[in-house]
Amino acid sequence: DSGVTQTPKHLITATGQRVTLRCSPRSGDLSVYWYQQSLDQGLQFLIQYYNGEERAKGNILERFSAQQFPDLHSELNLSSLELGDSALYFCASSVGAGGTYEQYFGPGTRLTVT
Amino acid sequence: GDSVTQMEGPVTLSEEAFLTINCTYTATGYPSLFWYVQYPGEGLQLLLKATKADDKGSNKGFEATYRKETTSFHLEKGSVQVSDSAVYFCALTAYGNKLVFGAGTILRVKS
C-alpha cells in the first residue's frame, strides 16, 4: 500500500459525459501527478500540482482539467468523453516538486467509455 | 525530447534463472532513473532508483546501475521467483518533474 488513494476504482460512462476522478496523496506529500495508461499510448504524464499550484503540464487534452485543493487532494475532470479516453488513470504523489523525488502511485481508476 | 527504450517482452524464465531487462534512455541534462513494477490489477510500485552516474539502485534482490557512458539502466536479478512475474517499467525524470516511461516489459516466471 503506497498511501495514495484514488476513487472510484472503476467508472463506466457513456460518450459525451463528464466524470471526476479523485486522489488523496500520501500524508506529508505536497506534489500530485496524474498519468494516463492506455494500450496504444502507454503511460503518459498529464499534469502536476504542487501545494495547490499547477507546476507542469504534459499531454493533457483541453477537455481535461485538474485542480489541487487546500487539503492537498486533487481531482481530474474529464469532459465530452470519447471512446478513446478509456484508460487507467493513475495519481502519484511526492514530497517535493523536483525530479529526484520518488513518486508513489495510487491503485488507479479504470475508466470505460461506452 | 526525452525518451526511454526497453527490451520488448514478454520475457519468460524458469524459477531461479538470471534476469536482465535492458533499458536505454535519451535525455537532456542529467536525469534521475527509476524502475517501477506493476503486478496484475495493481498500480505501479517504485522498485529502485539512481540519481547520478555510477549510482547503483537495489531493492528486493533487483539492481540497476546508472551508466552515463552507455545511457543505460539495465535491471538485473540473480534468481527470479514466480512472484516476480509482473510488468517492469524503466523511467526517467530530466528537466521538470514528469516521469517519462518506457513501454514496459512483461516478465513471466515458470515454476
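Shown above is the structure to which this text applies.
What comes next is a walk through the structure. Nothing here was measured: the structure is a model prediction, and the numbers come from that model. (Residues numbered from 1 in each chain as written. Chains lettered and ligands numbered in written order. Predicted model: local features only at pLDDT ≥ 70, side-chain atom pairs only at ≥ 80, totals over all residues. Heavy atoms only, no water.)

1. As for the interface of chain A and chain B
How big an interface is tends to be stated in terms of accessible area lost as the parts join. Contacts between the two partners involve 19 residues from chain A and, on the opposite side, 17 residues from chain B. Summed over both partners, the interface of chain A with chain B comes to about 1,400 Å²; 57% of that surface belongs to carbon and sulfur atoms. Three residues, Leu43, Gly99 and Phe105 of chain A, lead the burial of chain A against chain B; their summed loss comes to 34% of the area buried on that side. Counting every contact that joins chain A to chain B gives one salt bridge. Looking at the side of chain A that touches chain B, the elements that each hand over two or more residues are β4 (31-38), β5 (42-50) and β9 (87-94) of chain A. Residues that form the side of chain A that touches chain B fall into these classes: ten nonpolar, seven polar and two charged. (Contact = heavy atoms within 4.5 Å. Buried area = accessible area lost by both parts, 1.4 Å probe. Salt bridge = Lys/Arg side-chain N within 4 Å of Asp/Glu carboxyl O. Helix = DSSP H or I, 4+ residues; strand = E, 2+ residues; numbered from the N terminus. Nonpolar A, V, L, I, M, F, W, Y, C, P; charged D, E, K, R; others polar.)

2. So, the environment of proline 10 of chain B
Residue and element names in this part refer to chain B. Residue placement: proline 10 occurs in the loop between β1 (3-6) and β2 (11-14). Overall, proline 10 belongs to the partly exposed group, its relative accessible area being 45%. Between the C-alpha atoms of proline 10 and alanine 86, which are 76 residues apart in sequence, the distance is 10 Å. In contact with proline 10, other than residues within four places in its own chain, are Ile106 and Arg108. (Buried < 20%, exposed > 50% of the residue type's maximum accessible area, 1.4 Å probe, protein only.)

3. Details of the sheet that holds strand β9 (residues 75-77) of chain B
Residue and element names in this part refer to chain B. With respect to topology, four strands assemble into an open sheet ordered β3-β9-β8-β7, the strand pairing being antiparallel. Each of the sheet's edge strands pairs with one partner strand only, and the pair in question is β3 (19-21) and β7 (56-59). Mean inter-strand twist for the sheet, computed between neighbouring axes without regard to direction, equals 15°. As defined by bridge partners, β3 adjoins β9 across three bridges and the pair is classed as antiparallel. Following the sheet pairing, leucine 19 is matched in β9 by lysine 77. (Pairing = 2+ DSSP bridges. Axes fitted to C-alpha atoms, helices over the stretch in contact; angles between N-to-C directions.)

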